[in-house]
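Coordinate inspection notes
If you want the building blocks of each chain, they are given just below.
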Amino acid sequence: MKTSMLEHKCLVNKLNLAKGEQNMREIQIASKKLTTGKSTRLMLASVLVGALLSACSSNDPATESDVYLDGVGLYNAKNYSGAVAHFKDEITSYPAGDFTDDAYFYLGKSEYWLKDYVAASADFGTLLTDFPTSDILDKGQYWKAKTLHQQNNFVDARTAYQAVVTHNATSSYLDDAAYGVAKTYYDEKNYASAEIEFANVLAPPHVLNSKSDNSQYYYAKSLHAQGKFPEARTEYEALISNVDYATSGWLDNAQSQIWQTYMDAGDFTGAIASINALLADPNASLANKELAQYNLGDAYHQNNDFVKARVEYNKLIATYSTSLFVDDAHYQIGKTYYEEARIAASAALAAIPPTIPDAKLYDLAIPDFQKAVAMIGSSSADNAQLYIGKARHKQAQLSSVAADYDVARAEYAKLNTTTYPGSSKLDNAIFEIGKTHYDEANYDLAIVEFDKVVTDYSAGGSADNSLYYKGHSLRKLATAATTPDYAAARATYGLVITNYLTSTKADNAQYYIGYTYHLEGNCTQEQTEMQKVVTNYASSTYAVKAQGHIDAIVAATHTTCI
């Protein structure tokens, strides 16, 4: 036995007894061990308690029970690193002792809390395989399942949880293990199976337990994730109304998810009514009202009721000035103006006079974007900076003034790796810089920027757009050349299709491959490529355009063919 164990034994035992924290489970184990005939170790549970104290005035060497309880003391004090070292030493000293199975159990739990899940899983596994008659096998099985779950090994975790449910009908972990089975399905996004298992946890023979409210919440979430919005609302409401869950930590979440079901279903009227009911509820928590106020703005926003959206976002800013949502509210106010301007531009094209000119709306958007950027720690700063550039970009498109494009590029350039390291919007900003050059017909400069996106952000959201507009740039350069050569443009359009199969630009790219042949007068190849648009992208608006080319070729009314 290591001297270090003996040195702190008395202090740990006295502290545990004084605080009333001595684990009665260990005293019970000691009594149980006595029945095995090992009377030389412990006489009675009460004698054990006395021995813990008397050992402090004795030079007798520590018994196995003393050493084990020292480790439990370290564990109870949350000195998990110390407990790990202690239990490892104990296992080495007593590899076949009366408390070795318990030592493996506490060793695994200590490693679990230290987030060393691999080691914990191995030690719980040793408990299960090397001590088949241990009376804590169900606990070891449950905690092994938890370690596997933490490693996202959902299949093996589920098997381990299920073993507790199937083979330990009287286990105190029965309900928790059944919940674990359901949660593994939920965490791997198998919501249909999760729904079934959570419903099982909420039904007999399972009884009300510490995981019941969790199960009710995730049962509703499983329905919600499957698009079963009315059913999900019913279950969220069941959680809120159940008196047994009056102190549940899920109540606020459930309330917010109720209005989210309406939002996800596109029922903004229902969402607005639900949120307003919560805001009027004097018993609703302040935190939930804060979130509701933000989401009320969002509901109007998604319904394109921009004026009311701005009113509600501004209420959030005025009422909850220290809210973590204030920066987002400013960003969203800017977005309402930006999106209203986009709709106003469409209305202008349809000869419907807009209430506010779109150019003016872009001006109104920028101050709130700037406020979001200026807020320390803002989670919306990079988005807002991008949209400052986009607003200036739109204004440049309206004015067609070179200096305005310079202003837009300067704003996009502020979204860089130094100011916004790790931002997911960096590739968007570079693409938009390229797009400003494209809009000015500076195609060589545009290609330089598009290539940066494709090279440095190939998996980003702007890579397909960059390739597509690079194809356009090459096509326009070819058209302006003395001897047009569209091969490079076609190859670039082809990369959009082959590298980004799900891109929204794939149908466009296929059409323009055909269109380059149209420009060359190669009607045979044009028809072949246009047919690919019709066949592969039948629901695309480009399919209609492609069919027009095909019909003209067939009717011999097409442009001169070579």
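Residues numbered from 1 in each chain as written. Predicted model: local features only at pLDDT ≥ 70, side-chain atom pairs only at ≥ 80, totals over all residues. Heavy atoms only, no water.

Within the protein one finds 28 helices and zero strands. In the protein, the proportion of contacts linking residues at least 24 apart, taken out of those at least 6 apart, comes to 54%. When the accessible area of the protein is evaluated, it comes to approximately 26,400 Å², of which 54% is carbon and sulfur surface. (Helix = DSSP H or I, 4+ residues; strand = E, 2+ residues; numbered from the N terminus. Contact = heavy atoms within 4.5 Å. Areas by Shrake-Rupley, 256 points an atom, 1.4 Å probe, with all protein chains shown as cover.)

What follows deals with the packing of helix α6 (residues 100-113) against helix α7 (residues 117-130). Relative orientation of the contacting elements α6 and α7 amounts to 165°, with a least axis distance of 8 Å. Between α6 and α7, the interaxial angle falls into the category roughly antiparallel. Two packed elements cross with a definite hand, and for α6 against α7 that hand is left-handed. Contact residues: α6 offers Asp 101, Tyr 104, Phe 105, Leu 107, Gly 108, Lys 109, Glu 111 and Tyr 112, while α7 offers Tyr 117, Ala 119, Ala 120, Asp 123, Phe 124, Thr 126 and Leu 127. (Axes fitted to C-alpha atoms, helices over the stretch in contact; angles between N-to-C directions. Parallel < 35°, antiparallel > 145°, perpendicular 65-115°, else oblique. Left-handed = near helix turned anticlockwise from the far one by under 90°.)

Applying the stated criterion across every chain yields a total of 16 salt bridges. Measuring nitrogen to oxygen at the nearest pair gives 3.8 Å for the salt bridge that ties Arg 392 to Asp 363. With a gap of 29 residues between them, Arg 392 in helix α20 (residues 381-399) and Asp 363 in helix α19 (residues 358-374) connect regions that are remote in the sequence. Note that Asp 406 is salt-bridged to Arg 409, the shortest N-O span being 2.8 Å. Here Arg 409 and Asp 406 lie together in helix α21 (residues 402-413), a separation of three residues that amounts to about one turn. Its relative accessible area of 45% is what places Asp 406 among the partly exposed residues. Each of Asp 406, Arg 409 and Glu 440 takes part in one network of salt bridges that share partners. (Salt bridge = Lys/Arg side-chain N within 4 Å of Asp/Glu carboxyl O. Buried < 20%, exposed > 50% of the residue type's maximum accessible area, 1.4 Å probe, protein only.)

Compared with the 20 Å implied by 1.5 Å per residue over 14 residues, the 20 Å span of helix α12 (residues 212-225) between its first and last C-alpha is a close match. Here α12 lies mainly inside the structure; 13 of its 14 residues are buried. Downstream of α12 by one or two residues, Gly 227 has phi in the positive range, about 80°. (Expected span 1.5 Å × (residues − 1).)

Going through the model one piece at a time under the given rule, you end up with one disulfide. One disulfide bridge connects Cys 523 with Cys 561, the sulfur atoms lying 1.8 Å from each other. On the sign convention where negative is left-handed, the bridge of Cys 523 and Cys 561, at about -85° about the S-S bond, is left-handed. Residue Cys 523 is found in helix α27 (residues 523-536), and its partner Cys 561 is found in the segment after α28 (541-554); the two are separated by 38 residues along the sequence. With a relative accessible area of 5%, Cys 523 lands in the buried category. When its relative accessible area of 40% is taken as the criterion, Cys 561 is described as partly exposed. (Disulfide = S-S within 2.5 Å.)

Nonpolar side chains in soluble globular proteins tend to end up buried together. By size, the foremost hydrophobic cluster in this structure holds 52 residues, and its most contacted members are Phe 87 and Phe 198. The contacts of Phe 198, once residues within four sequence positions are left out, are Tyr 179, Ala 182, Lys 183, Tyr 186, Ser 215, Tyr 218, Tyr 219 and Ser 222. Listed in part, the 36 residues of the second largest apolar core include Tyr 294, Ala 365, Ala 372 and Tyr 387. (Core = buried A, V, L, I, M, F, W, Y, C linked by side-chain atoms within 4.5 Å.)

It is worth spelling out unusual backbone geometry at this point. Here Pro 204 and Pro 205 are connected by a cis peptide whose omega angle stands at 10°. If you check the backbone angles, Ser 400 has positive phi at about 55° while not being a glycine. Mapped onto the elements of the fold, Ser 400 is located in the loop between α20 and α21. Looking at Ser 400, the relative accessible area reads 58%, which means it is exposed.

Between helix α4 (residues 64-76) and α6, the shortest axis-to-axis distance is 11 Å and the interhelical angle comes to 20°. In this view, α4 runs roughly parallel relative to α6, as classed from their interaxial angle. In the crossing of α4 with α6, the sense of the turn from one axis to the other is left-handed. Residue-level inspection shows Glu 64, Tyr 68, Val 72 and Tyr 75 of α4 in contact with α6, the latter providing Thr 100, Asp 102, Ala 103, Tyr 106, Lys 109, Ser 110 and Trp 113. Each residue belonging to the contact of α4 with α6 can be placed in one class, and the counts come to six nonpolar, two polar and three charged. (Nonpolar A, V, L, I, M, F, W, Y, C, P; charged D, E, K, R; others polar.)

With respect to the secondary-structure elements, Met 263 resides in helix α14 (residues 251-264). Note on Met 263: relative accessible area 5%, which makes it buried. Expressed as a C-alpha distance, the spacing of Met 263 and Phe 229, which sit 34 residues apart in the sequence, is 9.8 Å.

Taken as a whole and judged by the stated rule, the model has 46 aromatic pairs. In this arrangement the basic side chain of Arg 158 is found over the ring face of Tyr 185, its NZ or CZ atom lying 3.8 Å from the centre. (Phe/Tyr/Trp six-rings, centres within 6.5 Å; stacked < 30°, edge-to-face > 60°. Lys NZ or Arg CZ within 6 Å of the ring centre and 35° of its normal.)

The residue Lys 109 is located in helix α6 in this model. When near neighbours in sequence (up to four residues on either side) are disregarded, Lys 109 contacts Tyr 75, Phe 124 and Trp 143.

We now examine the environment of Tyr 218. If you trace the backbone, Tyr 218 turns up in helix α12. Between the C-alpha atom of Tyr 218 and that of Lys 183, which follows or precedes it by 35 residues, the distance is 8.0 Å. Setting aside residues no more than four positions away along its own chain, Tyr 218 makes contact with Tyr 179, Lys 183, Tyr 186, Phe 198 and Trp 250.

Here we come to the confidence of the model for the protein. Averaged over all residues, the pLDDT of the protein is 88; the fraction at 70 or higher stands at 86%. Taken as a whole, residues 1-60 scores under 50 in pLDDT and shows 80 contacts with residues more than four places along the chain or in a different chain. This stretch, residues 349-354, has a pLDDT under 50; its non-local contacts, to residues over four places away or in other chains, come to two contacts. (pLDDT = per-residue confidence, 0-100.)

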